[in-house]
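# What the coordinates show
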Amino acid sequence: MRPLLTRRFLIPALALGAVFMTPAVSAIAATCGTGTFEAWLADFKTEAAAKGISQAAITSGLNGVTLDKDVLARDRSQAVFNQTFEQFSGRMVPPRLLRGSNMLKQYGSVLSRIEEAYGVPGEVIVAIWGLETDFGANNGKFPTIRSLATLAYDCRRADEFRAELMDALRLIERGDLAPADMRGAWAGEIGQTQFMPSSYLKYAIDFDGNGRRDLLHSVPDVLASTANYFASHGWQRGKGFEPGSPNFAVIQQWNKSDVYAKTIAYFASRLAKAP
């Protein structure tokens, strides 16, 4: 998922929590774009502690974090999404089609179990896997906490990214990820299908049974968690996924870019027909 693409973090896991925020917490909430980044970060640490996040998670996650001007520049450009469906799909799908077909075969038994559990066909999951990170080969190099803090300090989408930064600290506290391992796309997506921290918290599955929800290294966890996301957003077992079909609206919840959603469906349909 790449941000105009501002997709899964579209419905932050903490959105409901804001309704129940106490006046004291509201009063200390870090205000975007005011003062120095360092002062904003100090206020955010206080806010995180007031919301019950441990000092250990706050310290390990946020100490030494600095503003990333490259992230701000990328957030304001996103020129790729000015492309038409024909341009984008033509660039993205053909180079990935053969490997996608091979991945369907290599993980066929895992994908069959996932479809049985969640109702989502393997070709849809593999299409997303390929489009997001070239099947786990390019998860991204940006430090996740730094990216999220930068975008939370900026005022364009401050509330969304502040919630995501809180959830990133919760991932650290829960033991899913160490701060040093949290590297991904410039807008804070993590793992082989690029979950925002809120989605990681809510939908990540330990499908390989090793006791960890590992979306960085475990392919079964990655594929099952992606299917769980779709199932949790209303995927209808056995229904179509092309534009106009019952499940295309679910694909659009993965990514609000219509061009990207259509490309997922197109890639998946090509994989379904592959020999």
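Note that residues are indexed from 1 along each chain, following the sequence as it is written. Only residues with pLDDT of at least 70 get local features here, since the model is predicted, and only at 80 or more are side-chain atom pairs given and counted; chain-wide, interface and lining totals rely on the full set of residues. Derived side-chain values reflect all non-hydrogen atoms in the structure, with water molecules and hydrogen atoms excluded from consideration.

Nonpolar cores are built from buried Ala, Val, Leu, Ile, Met, Phe, Trp, Tyr and Cys residues. Side-chain atoms within 4.5 Å join them into one set. Summary of the burial criterion: residues with accessible area below 20% of their type's maximum are buried, those above 50% are exposed, and those between are partly exposed, where the area comes from a 1.4 Å probe applied to protein chains only. In terms of nonpolar packing, the biggest core is built from 80 residues, with Trp40, Leu223, Phe230 and Ile251 touching the most fellow members. Apart from the residues lying within four places of it in its own chain, the contact partners of leucine 223 are Tyr107, Leu111, Ile114, Ile125 and Trp129. Whether two residues touch is decided by their heavy atoms; if any such pair falls within 4.5 Å, the residues are in contact.

The next subject is the state of the cysteines. Cysteine sulfur atoms are paired as a disulfide whenever they fall within 2.5 Å. By the definition in use, this model includes one disulfide. Two residues share a disulfide in this structure: cysteine 32 and cysteine 155, whose sulfurs sit 2.1 Å from each other. Here the disulfide of cysteine 32 and cysteine 155 is right-handed, its torsion about the S-S bond being about 110°. Linking cysteine 32 in the loop between α2 (23-28) and α3 (37-50) with cysteine 155 in the loop between α10 (144-153) and α11 (158-174), this pair joins segments that are 123 residues apart in sequence. Assessed through its relative accessible area of 45%, cysteine 155 is described here as partly exposed. Numbered from the N terminus, helices here are DSSP runs of H or I no shorter than four residues, and strands are runs of E no shorter than two.

The next thing to look at is the confidence of the model for the protein. The predictor reports its confidence for every residue as pLDDT, a score running from 0 up to 100. With 88% of its residues at a pLDDT of 70 or more, the protein shows a mean pLDDT of 89. Low confidence marks residues 2-28, where pLDDT is under 50. Its contacts with residues over four positions away, or in another chain, come to 67 contacts.

Okay, the side chain of threonine 263 next. Within the element layout of this structure, threonine 263 appears in helix α15 (residues 258-273). Within the structure, threonine 263 has its side chain in polar contact with the backbone oxygen of valine 259 (distance 2.8 Å). Residues adjacent in sequence count toward polar contacts only when both atoms are side-chain atoms; beyond that, a polar contact is any pair of N or O atoms within 3.5 Å, and within protein one must be able to donate a hydrogen and the other to accept it.

For any pair of aromatic rings, geometry is given as the distance between the ring centres together with the angle between the planes. Think of it this way: a Phe, Tyr or Trp ring, Trp meaning its six-membered ring, pairs with another when their centres are within 6.5 Å, and the plane angle makes it stacked under 30 degrees, edge-to-face over 60, tilted otherwise. According to the stated counting rule, one finds 15 aromatic pairs in the structure shown. Ring centres of tyrosine 107 and tryptophan 129 lie 5.7 Å apart, and the angle between their planes is 70°; this geometry places the pair in the edge-to-face category. With tyrosine 107 in the loop between α7 (94-106) and α8 (108-118) and tryptophan 129 in helix α9 (residues 122-133), this residue pair connects regions lying 22 residues apart in the sequence. For the pair formed by tyrosine 107 and tryptophan 129, the shared burial category is buried. Centre to centre, the rings of tryptophan 129 and phenylalanine 135 are 5.6 Å apart; their planes meet at 80°, and the pair counts as edge-to-face. Of the two residues examined, tryptophan 129 and phenylalanine 135, each falls in the buried class. Ring pairs connect the aromatic residues Phe195, Tyr203, Tyr229, Phe230, Trp235 and Trp254, which therefore count as one cluster.

Of all the residues in helix α6 (residues 85-92), the buried ones are Phe88, Ser89 and Met92. Projected onto a plane normal to the axis of α6, the buried residues spread over an arc of 90° and lie on a single side. Those residues of α6 that are buried lie in contact with α7, α9 and α15. The arc in question is the one spanned by the directions pointing from the helix axis to the C-beta atoms.

For the rest of this paragraph, the subject is the environment of threonine 226. Considering the arrangement of structural elements, one finds threonine 226 in helix α13 (residues 219-232). Spatially, the C-alpha atoms of threonine 226 and tryptophan 254 are 9.6 Å apart, while their sequence positions differ by 28 residues. Each residue touching threonine 226, except ones within four places of it in the same chain, is listed here: Ile125, Ile128, Thr193, Phe195 and Trp254.

Note: α-helices contain 3.6 residues per turn, so residues at a spacing of three or four share the same orientation. Taking 1.5 Å of rise per residue, the 12 residues of α9 would be expected to cover 16 Å, and the 17 Å separating its terminal C-alpha atoms lies within 8% of that figure. The buried fraction of α9 amounts to 12 of the 12 residues, a majority that puts the element mostly inside the structure. At its buried positions, α9 is contacted by α6, α7, α8, α13, α14 (248-254) and α15. With its phi angle positive at about 55°, aspartate 134 sits one or two positions after the end of α9. Every helix has an expected span of 1.5 Å times one less than the residues it contains.

Attention now moves to the pattern of salt bridges. For this analysis, a salt bridge means a side-chain nitrogen from Lys or Arg found within 4 Å of a carboxyl oxygen belonging to Asp or Glu. Taken as a whole and assessed by the stated rule, the structure comprises 14 salt bridges. The partner of aspartate 159 in a salt bridge is arginine 162, with the nearest N and O atoms 2.7 Å apart. One end of the pair, aspartate 159, and the other, arginine 162, are both in helix α11, three residues apart, so they sit about a helical turn from each other. Overall, aspartate 159 belongs to the exposed group, its relative accessible area being 56%. Exposure remark for arginine 162: the relative accessible area of 15% places this residue in the buried category. With its nearest N and O atoms 3.7 Å apart, the salt bridge here joins arginine 212 to aspartate 214. When its relative accessible area of 38% is taken as the criterion, arginine 212 is described as partly exposed. The buried category is assigned to aspartate 214, whose relative accessible area is 6%. The network of salt bridges with shared partners includes Glu47, Lys51, Asp159 and Arg162.

This part is about the packing of α10 against α11. When two helices pack together, you describe them by how their axes are tilted relative to each other and by the distance separating the axes. Where helices are involved, their axes are fitted lines through C-alpha atoms of the stretch in contact, as for all axes, and angles between N-to-C directions lie from 0 to 180°. Packing of α10 against α11 brings their axes to within 7 Å, and their N-to-C directions diverge by 150°. Between α10 and α11, the angle falls in the class roughly antiparallel. For the crossing formed where α10 meets α11, the hand is left-handed. In this structure, α10 uses Ile145, Leu148, Ala149, Leu151 and Ala152 to contact α11, whose residues at the interface are Ala158, Phe161, Arg162, Glu164, Leu165, Ala168 and Ile172. When an angle is under 35 degrees it counts as roughly parallel; over 145 it counts as roughly antiparallel; between 65 and 115 it counts as roughly perpendicular; any other value is oblique. The sense of a crossing depends on the near helix, which, turned anticlockwise from the far helix by less than a right angle, makes the crossing left-handed and, turned clockwise, makes it right-handed.

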